[in-house]
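# What the coordinates show
In case you want the letters, here they are:
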Amino acid sequence: MSTLAFPHETSPAIYRSSRSTGEADRPLREALDAASKARYTAASSTQSSTRAELVDLFLECNEPNWDGQGARAISAVTLNRAAEFLDALPSSFMSPEAIPEADGEVAFAWYFGRSLQLSISVGPSGPLNFAGVIGEGRVRHGTEPFEEIVGAELLGYIHELHERAGFARRAA
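Here is a short report on the structure shown in this document.

Conventions used here
Residues numbered from 1 in each chain as written. Predicted model: local features only at pLDDT ≥ 70, side-chain atom pairs only at ≥ 80, totals over all residues. Heavy atoms only, no water. Helix = DSSP H or I, 4+ residues; strand = E, 2+ residues; numbered from the N terminus. Contact = heavy atoms within 4.5 Å. Areas by Shrake-Rupley, 256 points an atom, 1.4 Å probe, with all protein chains shown as cover. Salt bridge = Lys/Arg side-chain N within 4 Å of Asp/Glu carboxyl O. Buried < 20%, exposed > 50% of the residue type's maximum accessible area, 1.4 Å probe, protein only. Expected span 1.5 Å × (residues − 1). Core = buried A, V, L, I, M, F, W, Y, C linked by side-chain atoms within 4.5 Å. 1 Å grid on protein atoms, 1.4 Å probe; cavity = no way out; pocket = protein on both sides within 12 Å on 5 of 7 lines; lining within 4 Å. Points joined across faces, edges and corners; volume = space filled by probe spheres on them. Nonpolar A, V, L, I, M, F, W, Y, C, P; charged D, E, K, R; others polar. Phe/Tyr/Trp six-rings, centres within 6.5 Å; stacked < 30°, edge-to-face > 60°.

### Regarding the overall build of the protein chain
- A tally of regular secondary structure across the protein chain gives five helices and five strands.
- Along the protein chain, helices (α) and strands (β) appear in the sequence α-α-α-α-β-β-β-β-β-α when read from the amino end.
- When contacts within the protein chain are restricted to residue pairs at least 6 apart in sequence, those whose partners lie at least 24 apart make up 55%.
- By element, 51% of the accessible surface of the protein chain is carried by carbon and sulfur atoms, the whole surface being about 9200 Å².

Dropping the structure here:
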């Protein structure tokens, strides 16, 4: 099982400020405790920036109605599953942007222009939902199972998106 890795310079402050004794704060404490313990985990710098985004969005969106319009809270389970998804991506891909969704899921998005974009939603369980445009008129959408490994079809779409955008990198 994967956990979040914080940049060393930011994790202690987040960790200390999260200490609480209330039972309602237990999922937050557990997620941040696990993340703090794993903060030295090796990760590329691009993954580290997305991990920092994940932590920020969790801290901002872990309460119901975080958007003032009835959004569901992003749970610690969703946060950890989102980190697992990020870990499952090949390091040759550019790091996606992490975006909170009103249904309590986390979206990972790559945007290289109107005809080159892809969004993948990660929830606490179940399949990944994705939608995007990978070249002029090439709309792709669907669901794909996710259990620690991103499926070949979805990896193919991400790779093609990067290739068409001129950001394809060879795996080391």
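### Comments concerning the pattern of salt bridges
- Scanning all chains against the criterion turns up three salt bridges.
- With a closest N to O distance of 2.0 Å, Asp87 and Arg51 form a salt bridge. Here Asp87 is found in helix 4 (residues 76-88), whereas its partner Arg51 is found in helix 3 (residues 45-61), with 36 residues between them in sequence.
- For Arg51, a relative accessible area of 3% gives the class buried.
- With a closest N to O distance of 2.1 Å, Glu160 and Arg138 form a salt bridge. Of the two residues, Glu160 sits in helix 5 (residues 152-165) while Arg138 sits in the loop between strand 4 (128-134) and strand 5 (139-144), which places them 22 residues apart along the sequence.

### Description of helix 5
- Between its first and last C-alpha, helix 5 extends 20 Å over 14 residues, near the 20 Å set by a 1.5 Å rise per residue.
- Every buried residue of helix 5 is listed here: Leu154, Tyr157, Ile158, Glu160, Leu161 and His162.
- Taken together, the buried residues of helix 5 touch strand 2 (106-111), strand 3 (116-122), strand 4 and strand 5.
- Positive backbone phi, approximately 80°, marks Gly166, located one or two places after helix 5.

### Here we look at the nonpolar core
- Judged by nonpolar contacts, the single largest core of 30 residues is most densely connected at Leu54, Phe85 and Ile120.
- For this core, the elements supplying multiple residues, two or more each, are helix 3, helix 4, strand 2, strand 3, strand 4 and helix 5.
- The biggest single contributor to this core is helix 4, with six residues.
- In this view, Ile120 contacts Phe85, Val106, Ala107, Phe108, Trp110, Leu128, Asn129, Phe130, Leu154 and Ile158; residues no more than four positions away in its chain are not counted.

### Side note on empty space enclosed by the protein
- On inspection of all chains with the given rule, the structure shows one cavity of 30 Å³ or more.
- By volume, the largest cavity amounts to about 50 Å³.
- As for the largest cavity, its lining consists of 10 residues, and the residues nearest its centre are Gln47, Pro90, Phe93, Met94 and Ser95.
- Among the residues forming the lining of the largest cavity, the class breakdown is six nonpolar, four polar and no charged.

### Details of the packing of aromatic side chains
- Counted under the stated rule, the structure contains four aromatic pairs.
- Both rings, one in Phe85 and one in Phe146, keep their centres 5.8 Å apart while their planes meet at 70°; by these two values the pair is edge-to-face. Residue Phe85 is found in helix 4, and its partner Phe146 is found in the loop between strand 5 and helix 5; the two are separated by 61 residues along the sequence.
- Here Phe85 falls in the buried class, since its relative accessible area comes to 0%.
- Grouping aromatic residues by their ring pairs yields a cluster made of Phe85, Phe108 and Phe146.

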